[in-house]
Amino acid sequence: MAKQKKKSPSTIAQNKKALHDYFTDERIEAGLVLAGWEVKSLRAGKAHLTDSYVLLKDGEAWLMGSHITPLPEASTHVIADPTRTRKLLLNRRELEKLYGAVQQKGYTCVALSLYWKKHLVKCQIALGKGKKAYDKRMVQKERDSNLEMQRALRTSTR
């Protein structure tokens, strides 16, 4: 039976599909503008980043496609939209770096994870270049060979 990685207690949600679909080059930490009901839902772990990406428009960065499920107790007085666009807080230098890289051929900006940093919610975003089908097969082949080597080392040391 394979061991499963445990999420650290500060991690809220991860986008494993992005690591499968993209070669990630540079990672940046960004803050998020959230409503009160969203923070309560994040504390309960009700977030998904599966098809999320970052849109750069008018000198601002926006998180699109993320899903934060509202808690029934927390959002009674507000009409909650779970898939609304959320603003990312980045400084001007980081925005210019991201915008310049996205303008190049093949680069996109994806959200990798949501996590707590002290009492703030942070989003790790990365510049990614799309993988082709043969790249995905090569990565899987490397992963399998590494697992086989680790298994062989474990059995030889016993």
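To be clear, the structure that these remarks concern was listed above.
Every value quoted in this text rests on a predicted model; they were computed, and no experiment measured them. (Residues numbered from 1 in each chain as written. Predicted model: local features only at pLDDT ≥ 70, side-chain atom pairs only at ≥ 80, totals over all residues. Heavy atoms only, no water.)

## Some words on the side chain of R86
Move 1: Locating R86 in the fold gives a position in strand β7 (residues 86–89).
Move 2: Taking relative accessible area as the criterion, R86 reaches 1% and is therefore assigned buried.
Move 3: Among the polar contacts made by the side chain of R86, one reaches the main-chain carbonyl oxygen of R84 at a distance of 2.8 Å.
Move 4: When sequence neighbours within four positions are dropped, the list of residues in contact with R86 reads L32, V33, L34, E38, A61, W62, L63, S66, I68 and D81. (Helix = DSSP H or I, 4+ residues; strand = E, 2+ residues; numbered from the N terminus. Buried < 20%, exposed > 50% of the residue type's maximum accessible area, 1.4 Å probe, protein only. Polar contact = N/O pair within 3.5 Å; in protein donor to acceptor, adjacent residues only side chain to side chain. Contact = heavy atoms within 4.5 Å.)

## Some remarks on the sheet that holds strand β8 (residues 107–117)
Move 1: One open sheet holds the seven strands; their spatial order is β1-β8-β9-β2-β7-β5-β4, and the pairing between them is antiparallel. Two strands in the sheet have a free side with no partner beyond their single neighbour: β1 (11–14) and β4 (53–57). Direction aside, neighbouring strands of the sheet carry axes that sit 40 degrees apart on average.
Move 2: By the bridge criterion, two bridges tie strand β2 (residues 22–32) to β7 in an arrangement that is antiparallel. Residue L32 lies in a different strand from β7, and its bridge partner there is L88.
Move 3: Against the sheet, helix α2 (residues 36–43) engages β1, β7, β8 and β9 (120–130), with an angle of about 75 degrees to β8. (Pairing = 2+ DSSP bridges. Axes fitted to C-alpha atoms, helices over the stretch in contact; angles between N-to-C directions.)

## Re unusual backbone geometry
Move 1: At D58, a position not held by glycine, the phi torsion is positive, near 55 degrees.
Move 2: In this structure, D58 sits in the loop between β4 and β5 (60–64).

## Things to note about the pattern of salt bridges
Move 1: Scanning all chains against the criterion turns up seven salt bridges.
Move 2: For the salt bridge of D51 with K17, the shortest nitrogen-to-oxygen distance reads 3.3 Å. Placement of D51 in the loop between β3 (47–48) and β4 and of K17 in helix α1 (residues 16–21) is noted, with a sequence separation of 34 residues between them.
Move 3: Overall, the relative accessible area of 51% leaves D51 in the exposed class.
Move 4: By relative accessible area, which is 41% here, K17 ends up partly exposed.
Move 5: In this structure, a network of salt bridges that share partners links the residues E38, R84 and R86. (Salt bridge = Lys/Arg side-chain N within 4 Å of Asp/Glu carboxyl O.)

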